[in-house]
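Chain and residue survey
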Amino acid sequence: MTHKILVMGATGTVGRAVVAELTAPPLGRSRSIAEAPHHASTTHADAPPAGVPEVLALVRDPAVAVLPPGVEPVRGDLTEPGSFADAVEGITAAFLVWPFGTADGLAAVLDVVARHARRIVYLSSAARRPGEREAEELIRRTGREWVFLRPHAFAAGTLRWAADARFRADGVVSEPYGGAAMPLIHERDIAEVAALALTGRSPAGVAHELTGPETLTQAEQARVIGEAIGRPIRWEELPPSEGREQMIAGGLPPEVADAILRARAELVGRPWPVTPRAGARDFRRWADEHAHRFRATMRAARIHVYGDASVIRQEEIPIPAPGRGEVLIKVAGTSFNPSEIGLRSGLLRTVVPEMADLPLPYTLGWDVSGTVVATGAGVSRPRPGDRVMGLLEGGAAAEYSVAPARLLAPAPKAVPLADAAAIPVAGLTAWQTVYEHGRIAPGRRVLVNGAGGGVGMFAVQFARRAGATVIATAGNASSAAAVRACGADEVVDYRTDPLPGDLDVLLNLVPFAPGAGADLARLVRPGGHLVSITAPVQPPPGSRVTATRFVTRNDVDQLAEMAALVDAGEIVVDVAERHPLADLAAVHRMAEAGRTRGKVVIEL
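Residues numbered from 1 in each chain as written. Predicted model: local features only at pLDDT ≥ 70, side-chain atom pairs only at ≥ 80, totals over all residues. Heavy atoms only, no water.

1. Considering the pairing of strand E7 (residues 172-175)
Residues Val172 and Ser174 point to one face of E7 and Val173 and Glu175 to the other, with burial holding for every one of them. Across 4 bridges, the pairing between E7 and strand E11 (residues 234-237) is parallel. Along E11, the bridge assignment pairs Glu175 with Glu237. (Buried < 20%, exposed > 50% of the residue type's maximum accessible area, 1.4 Å probe, protein only. Helix = DSSP H or I, 4+ residues; strand = E, 2+ residues; numbered from the N terminus. Pairing = 2+ DSSP bridges.)

2. Describing the sheet that holds strand E22 (residues 490-493)
In spatial order, the strands read E22-E21-E20-E23-E24-E25; together these 6 strands make up an open sheet with parallel pairing. Two strands bound the open sheet, and with one partner strand each, they are E22 and strand E25 (546-549). Taken pair by pair, the neighbouring strands of this sheet meet at an average axis angle of 15°, ignoring direction. The pairing of strand E20 (residues 445-449) with strand E23 (residues 503-508) spans 4 bridges and is parallel. Following the sheet pairing, Asn449 is matched in E23 by Asn508. Helix H12 (residues 424-437) contacts E23, strand E24 (524-532) and E25 of the sheet and is inclined by roughly 155° relative to E24. In the packing of helix H13 (residues 454-465) onto the sheet, the strands contacted are E20 and strand E21 (469-474), and the crossing angle to E21 comes to about 165°. (Axes fitted to C-alpha atoms, helices over the stretch in contact; angles between N-to-C directions. Contact = heavy atoms within 4.5 Å.)

3. What about the sheet that holds strand E15 (residues 362-363)?
On the basis of which strands lie adjacent, the open sheet formed by 3 strands has the order E13-E12-E15 and antiparallel pairing. If you trace the sheet from one side to the other, it starts and ends with strand E13 (312-318) and E15, each paired once. Here strand E12 (residues 297-303) pairs with E15 via 2 bridges, running antiparallel. Pairing of Ile303 across the sheet is with Tyr362, part of E15.

4. As for the side chain of Lys4
Tracing the backbone through its elements, the reader meets Lys4 in strand E1 (residues 4-8). Of the polar contacts made by the side chain of Lys4, one reaches the backbone oxygen of Glu89; its length is 3.2 Å. Contact partners of Lys4, with chain neighbours within four places excluded, come to Glu54, Leu56, Glu89, Gly90, Ile91, Thr92 and Ala93. (Polar contact = N/O pair within 3.5 Å; in protein donor to acceptor, adjacent residues only side chain to side chain.)

5. Some details on helix H16 (residues 556-567)
Residues spaced three or four apart along an α-helix face the same direction, because each turn holds 3.6 residues. Across its 12 residues, H16 extends 17 Å between first and last C-alpha, which sits within 8% of the 16 Å expected from 1.5 Å per residue. The complete set of buried residues in H16 reads Gln558, Leu559, Ala560, Glu561, Met562, Ala563, Leu565 and Val566. For H16, the elements touching its buried residues are strand E17 (387-391), strand E19 (408-410), H12 and H13. At the N-terminal boundary of H16, the capping side chain belongs to Asp555, with an oxygen 3.1 Å from the backbone nitrogen of Asp557. (Expected span 1.5 Å × (residues − 1).)

6. Looking at unusual backbone geometry
In this model, Leu360 is joined to Pro361 through a cis peptide bond whose omega is 0°. Within the secondary structure, Pro361 is located in the loop between helix H11 (348-351) and E15. In the segment running from Arg381 into Pro382, the intervening peptide bond is cis, with an omega of -10°. Tracing the chain through its elements places Pro382 in the loop between strand E16 (367-375) and E17. One non-glycine residue, Asp502, lies in the positive phi region at around 60°. Structurally, Asp502 can be placed in the loop between E22 and E23. The class for Asp502 is partly exposed, based on a relative accessible area of 48%.

Dropping the structure here:
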């Protein structure tokens, strides 16, 4: 059955989450690269992906509404139901948010909606105020299927603290009833229940009372937010009379302020009970995803000039905002790549044209892993709360990073999120080295020169998966043990032993002296392949060796495939060291001194 769903309040906290839930296609791919057809599919730009309902969003001004791709904006005003009567023809269900204190005028809106919609899903509340009770009764009288959502307090309600001057300046929340306890609910949990109801995957005639999975006092909520933003937040108990004055000064009618204070007073001794729901998101997760809303700045590792490792500065800079097609990521980790030494020193400016005009100051970090916390216009996937990884053009060595949504793949679940940052640069380089340029096949004899590095660890595993006999070089006992654990059949100590010959494929992952490239090529059989990711190699005349040097390209499909392999236990992510952001300059120095092995992750 095809669903055509009208969402009212589509740009609000819950409505926006409902639209995202309805329009989100599956993240990642269900088939491996080997199984996928080698051509691009074509679909109409405005058509929703298969299995995704058609979604209409009721907005006052479509020109300024920020909606995901494929969502059709419908111009209309709830106070003038005739303004959208024709546009909603053919809808199968409607999500109703009624933003007014009374139900006056709702009957006329329901008359328009009920002409078409078979089901109405209404965002009520657990308090069931008089206007909400009347709204529920009016919906029942339409004779249409109904579902009522009755959430308790929203986690998003704590965002009021972010706008307070004392919170921003001193880390203080000053309100009455810090002991008032409640199970705050994540807006995405409400949206998931709504989406099931709107698409007919859950029964009608049900009123869902919704809470979060745990009860926290207001003072505890402030503490959790402080943990999320890395800054102590202190609760300051305010007398109820002063709290009332504060609310009224902020624009609340006196009767509303009084009702809020009465409810909080009752919650000190009698917190709301938790309504169990599998998979419900706790307040700590909400706070982590929304930490940027409570902060104005973030830590970032930047360079203002080119030079040695001392030019790397850790600074407080504004948190960026995602633009069209972009997302904001709360970074869990980035990683160190040896080529970033060349960027920092200015060497890459002379050899990579794209780096010649790099704007300074520049935030370091190409690999990123983290959690999406906000999306810009035109983004339906990934969504806030999704764990992602990707290869960026810088900016990942910071607490938050803006990234094009199209460059992000789902992060594997089998490793810590920060460790997923070890995959993009090293994994993509190894994947393309082995499968595209090395053309490694079963039975081939392959040497991985530089197997102990971040790229090498992946290259050994990919070559083994391709069915090759893998010989790996290593310079010390720990590197040798690591490459054996990754599947190397033989390990050669390049410091004491000559490199073997009679190779079908040689993968060179390390710099070499001028003229040494020909010596490497002589190790390869006629008709074999030599792939170098450092300097180009010119094989000796008549050797019949194909030599390739390439620059890694970004490929989100390959990243998704690697994530699936990690989760399936078919490859491992070998992280040699983990350091905090403050140690990034020290990591650069250690690498220049030859004192790093494998992949180094920078944890945020």
